[in-house]
Amino acid sequence: MYNFKISNNKEFYLSVFLIVIFQLILSFQGFDVCDDGFALTFYQQIYNAPSSVEYNFVYWLTGIIGGIWHSIYQDGGILWFRFLTIICNTLTFIIAFKILKQYINIHTAIIGLAMVVFVNDFGFLTFYHNHLTALLAVSGIYYLNKGITKNKYFAIAIAGFIFGVNVFSRLPNITLFIFVLAIPYMTYLRNEPLIKSVKPILFFVMGIIIGFILIFFMLYSLNHLVFMKNAILGLADLGIADGSGHNISSMLKAYLYNYKTMITLFCKLLIISAFVLLLKGKLKDNRFARIVISLIGIVLFTLLFSKGNIYIIYALGYFGVLGLLVTKQKNISIKMLALLGFLMLAFLPLGSGGGMHSSGYMCIWIAIPMFLHFLLQIIGVGFNLNIEHKVVSILISGARIKHLSNMLVVAFFLSKSYSISQEAYFDKGSRFSKVYSINNKYAKRIYTTKSRAEIINDVLDNLKPYVAPNDYLLAYDKIPMVHFLTETRPYMYNPWPWIYDSYSFKKNLDRAEKEIEVLPIIVQQKFETIGEFSAPMIDYLSEDKEISNNYDVGRVTVINDFIERNNYKIVWSNLYFNIYQSNKKN
């Protein structure tokens, strides 16, 4: 298994310590009611009422681990799961470092990996399937790299096993089977006959099959097979409705937009880089002017990182791994690792509705350190320009490129430091204003803004007369955290019904009405919660608004019909929420 013993390197141990402290500090602030609530309700209910979180079974392995963590300390709440994320991220950091230190300078590896941690959604620290996916993907790369470079078939089988198991932490992770291409690629690099790839490929496939068999028996022993089957079948329903963000057409459009944005931002970065490098070359004898140009460059790079978010980082990752793949390298294993980094960038985001925008941060653990390595190994770049029939030669030295990489790193950390200080995940505002708590045992020691705390505390206090732990609750439609804080079961087999398109929403609401004997209390928000809390919206359930990402008239029509058909009446209301109770006789 892993050998976590690393050569006596003070820089490495110090970096791990600082990474843990950094995450620990951020873990006490930020209160998100969407993604965090979606995941936490899954962990709370997977062993208690698995049918109520059936949709989440597409992340089954994540739920199993989260459920175990919840059972260890049931009152730990949000903070307890952020500690789990710290463990997960730190392990990923260590394993990635063990891979990289064999081929690149350890300081380059540490800086690159620190950048990955900082890009990790400005402190999105509640354990999520993306964290587990990244850990398992990097672990699989560790064993695959070891097996291929040292001809160890057992290590290759372990890699296949890890990639097989990883499918069940997030079903789209099946795309990572593409890593099998690394085996014939190494055969090619060694100038060996392709037939030599067959045996290690068979071991890789055997590992995948063993991983699938293990998961099958776990699902069977926990009586989870039927929920997994329904979750997989439910994915097919998500793409049926017009305008659904989960069908192939919508996801393809999202990916094309991702790459268009990435390329546009990368071109801007190249322009700024050319400006800095050429101008500093012209002013090489004026030290003060060169310092000013460097400062201007850092400011421009900082602004670009702030605007570009994950896209510009992704572009740098691609630039690094592709650069290593197309240039000569003394060590062919560098090329092999670059291929693995490329495949992780290209294929891991597939299956996610937002592509690299929503899940890109889990895909860059190998690529970003490799980007820095690629820049630092460049001796120089020269080219000729034909200007008015005169040939002008331009030479950019390796020293200047190294200085450029330092500017990029400084700009990145400046950008992220500011971003982190001004927001937590889906909880915007200065961290200095996040000093107010939610009055709930599961939100102990979690601090947010005064207005957000007041809004949530108000609805929680007024839900108490109507729901008790293990009651069914319909939380409409972007407030899954209410389930976790009240220990209630999602009525529609999914704590976050906004994820459903109109077809799936109606199908699952009708199914719940048939299968569940009691009609639930409904808590309905009247403001937007994705990204930040909006002002109250009196027309939240209007059927006459323009369709957008947050608003689907089909869903609204279905929920309005459900409320009317079952004789629901508002029993409590304020500017932000309505609580409904049915007066229908059973």
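**Observations regarding the pattern of salt bridges**
Under the definition given, this model contains 15 salt bridges. With its nearest N and O atoms 3.2 Å apart, the salt bridge here joins Lys428 to Glu423. Note that Glu513 and Arg565 form a salt bridge whose closest N and O atoms lie 2.5 Å from each other. Here the residue Glu513 occupies a position in helix H20 (residues 502-515), and Arg565 occupies one in helix H21 (residues 553-565), the gap between them amounting to 52 residues. Put simply, Glu54, Arg511 and Glu515 are held in one network by salt bridges that share partners.

**What to know about a nonpolar patch on the surface**
On the surface, a cluster of nonpolar side chains totalling about 670 Å² of accessible area is made up of Val205, Ile209, Ile213, Phe216, Phe217, Tyr220 and Leu225. For the nonpolar patch, the element with the most residues is helix H9 (residues 198-221), which contributes 6 residues.

**Remarks on the packing of aromatic side chains**
Any two aromatic rings considered together are summarised by their centre-to-centre distance and by the angle between their planes. Using the criterion set out here, one finds 41 aromatic pairs in the structure. Where Tyr43 meets Phe81, the ring centres are 5.0 Å apart and the plane angle is 20°; that geometry is what we call stacked. Taken together, the residues span a long stretch of sequence, with Tyr43 in helix H2 (residues 35-45) and Phe81 in helix H4 (residues 77-100) at a distance of 38 residues. Consider the rings of Phe527 and Tyr576, whose centres lie 5.0 Å apart with planes at 90°: the pair is edge-to-face. You can see Phe527 sitting in the loop between strand S9 (521-525) and H21 and its partner Tyr576 sitting in the loop between strand S10 (568-573) and strand S11 (577-582), a full 49 residues away along the chain. A residue is classified by how much of its surface remains accessible, and Phe527, at 0% relative accessible area, is buried. Over the ring of Tyr472 we find Arg489, and its NZ or CZ is 6.0 Å from the ring centre.

**Side note on the side chain of Ser197**
Mapped onto the fold, Ser197 is located in the loop between helix H8 (182-189) and H9. There is a polar contact of 2.7 Å between the side chain of Ser197 and the side chain of Thr187. Excluding its chain neighbours within four sequence positions, the residues that come into contact with Ser197 are Ile183, Pro184 and Thr187.

**Focus: the sheet that holds S11**
Read across the sheet, 5 strands follow the order S8-S7-S9-S11-S10 without closing on themselves; strand pairing throughout is mixed. Each end of this open sheet is capped by a strand with a single partner; those strands are strand S8 (489-490) and S10. Note: S9 against S11, 4 bridges, orientation antiparallel. What sits directly across from Gln525, in S11, is Phe577. Running at roughly 15° to S11, helix H18 (residues 450-463) makes contact with S9, S10 and S11 of the sheet. Across the sheet, H21 lies against strand S7 (472-476), S9, S10 and S11, angled at about 140° from S7, the strand it touches most.

**Comments concerning the side chain of Gln29**
Its location among the elements puts Gln29 in the loop between helix H1 (10-26) and H2. Polar side-chain contacts of Gln29 include one of 2.6 Å to the backbone oxygen of Arg431. Within the local environment of Gln29, its side chain forms a polar contact with the backbone oxygen of Lys434, the two atoms lying 2.9 Å apart. Those residues in contact with Gln29 that lie beyond four places of it in its chain are Arg82, Ala424, Arg431, Lys434 and Tyr447.

**Describing the packing of helix H14 (residues 332-347) against helix H16 (residues 367-376)**
Closest axis-to-axis distance for the H14/H16 pair is 9 Å, and the angle between their directions is 135°. As summarised for this structure, H14 and H16 are arranged oblique, according to the angle between their axes. As H14 packs across H16, the resulting crossing turns out to be left-handed. Note on element contacts: H16 touches H14 through Ala367, Met370 and His373, opposite Ile334, Leu337, Ala338, Gly341 and Leu345. For the contact of H14 with H16, a count of residues per class yields 6 nonpolar, 2 polar and no charged.

**Some thoughts on the pairing of S10**
Strand direction decides the pairing type here: S10 and S11, joined by 5 bridges, are antiparallel. Along S11, the bridge assignment pairs Ile570 with Tyr580. Linking S10 back to S11 in an antiparallel pair, the connection comprises 3 residues.

**Regarding the packing of helix H5 (residues 106-118) against helix H17 (residues 398-422)**
As a packed pair, H5 and H17 sit with axes 10 Å apart at the nearest point and diverge in direction by 25°. The orientation of H5 with respect to H17, classified from their angle, is roughly parallel. At the point where H5 passes H17, the crossing takes the left-handed sense. Residues Ile111, Ala114, Met115 and Phe118 of H5 lie in contact with H17, whose contacting residues are Val409, Phe412, Phe413, Lys416, Ser417 and Ile420.

**Observations concerning the environment of Phe275**
Relative to the helices and strands, Phe275 is located in helix H11 (residues 248-282). On the basis of relative accessibility, which here comes to 36%, the residue Phe275 falls in the partly exposed class. In sequence terms Phe275 and His131 are 144 residues apart; their C-alpha atoms lie 38 Å from each other.

**Considerations on unusual backbone geometry**
Residue Tyr476 is joined to Asp477 through a cis peptide bond whose omega torsion reads 0°. Along the chain, Asp477 falls in the loop between S7 and helix H19 (481-486). For Asn567, which is not glycine, the phi dihedral falls at a positive 55°. Here Asn567 lies in the loop between H21 and S10.

**Looking at helix H10 (residues 225-237)**
Compared with an ideal rise of 1.5 Å per residue, which puts 13 residues at 18 Å, H10 spans 19 Å between its outermost C-alpha atoms and is within 8% of the ideal. Among the residues making up H10, those that are buried are Phe227, Met228, Ala231 and Asp237. Axial view of H10: buried residues confined to an arc of 165°, hence all on one face. Along H10, exposed side chains directed more than 90 degrees from the buried face belong to Leu233 and Ala236. Here the buried face of H10 lies against helix H3 (60-72), H9 and H20.

**What about the nonpolar core?**
Residues Trp60, Leu144, Met370, Leu485 and Val523 are the most contacted members of the largest nonpolar core, which totals 196 residues. Here the element with the most residues in this core is H4; it accounts for 13 residues. For Leu485, the contacting residues outside a window of four places in its chain are Phe31, Ile438, Asn440, Tyr442, Ala443, Ile456 and Leu460.

The rules we used
Residues numbered from 1 in each chain as written. Predicted model: local features only at pLDDT ≥ 70, side-chain atom pairs only at ≥ 80, totals over all residues. Heavy atoms only, no water. Salt bridge = Lys/Arg side-chain N within 4 Å of Asp/Glu carboxyl O. Helix = DSSP H or I, 4+ residues; strand = E, 2+ residues; numbered from the N terminus. Patch = residues over 30% accessible without salt bridge, like charges linked within 9 Å, V, L, I, M, F, W, Y side chains within 5 Å. Areas by Shrake-Rupley, 256 points an atom, 1.4 Å probe, with all protein chains shown as cover. Phe/Tyr/Trp six-rings, centres within 6.5 Å; stacked < 30°, edge-to-face > 60°. Buried < 20%, exposed > 50% of the residue type's maximum accessible area, 1.4 Å probe, protein only. Lys NZ or Arg CZ within 6 Å of the ring centre and 35° of its normal. Polar contact = N/O pair within 3.5 Å; in protein donor to acceptor, adjacent residues only side chain to side chain. Contact = heavy atoms within 4.5 Å. Pairing = 2+ DSSP bridges. Axes fitted to C-alpha atoms, helices over the stretch in contact; angles between N-to-C directions. Parallel < 35°, antiparallel > 145°, perpendicular 65-115°, else oblique. Left-handed = near helix turned anticlockwise from the far one by under 90°. Nonpolar A, V, L, I, M, F, W, Y, C, P; charged D, E, K, R; others polar. Expected span 1.5 Å × (residues − 1). Arc of directions from axis to C-beta. Core = buried A, V, L, I, M, F, W, Y, C linked by side-chain atoms within 4.5 Å.

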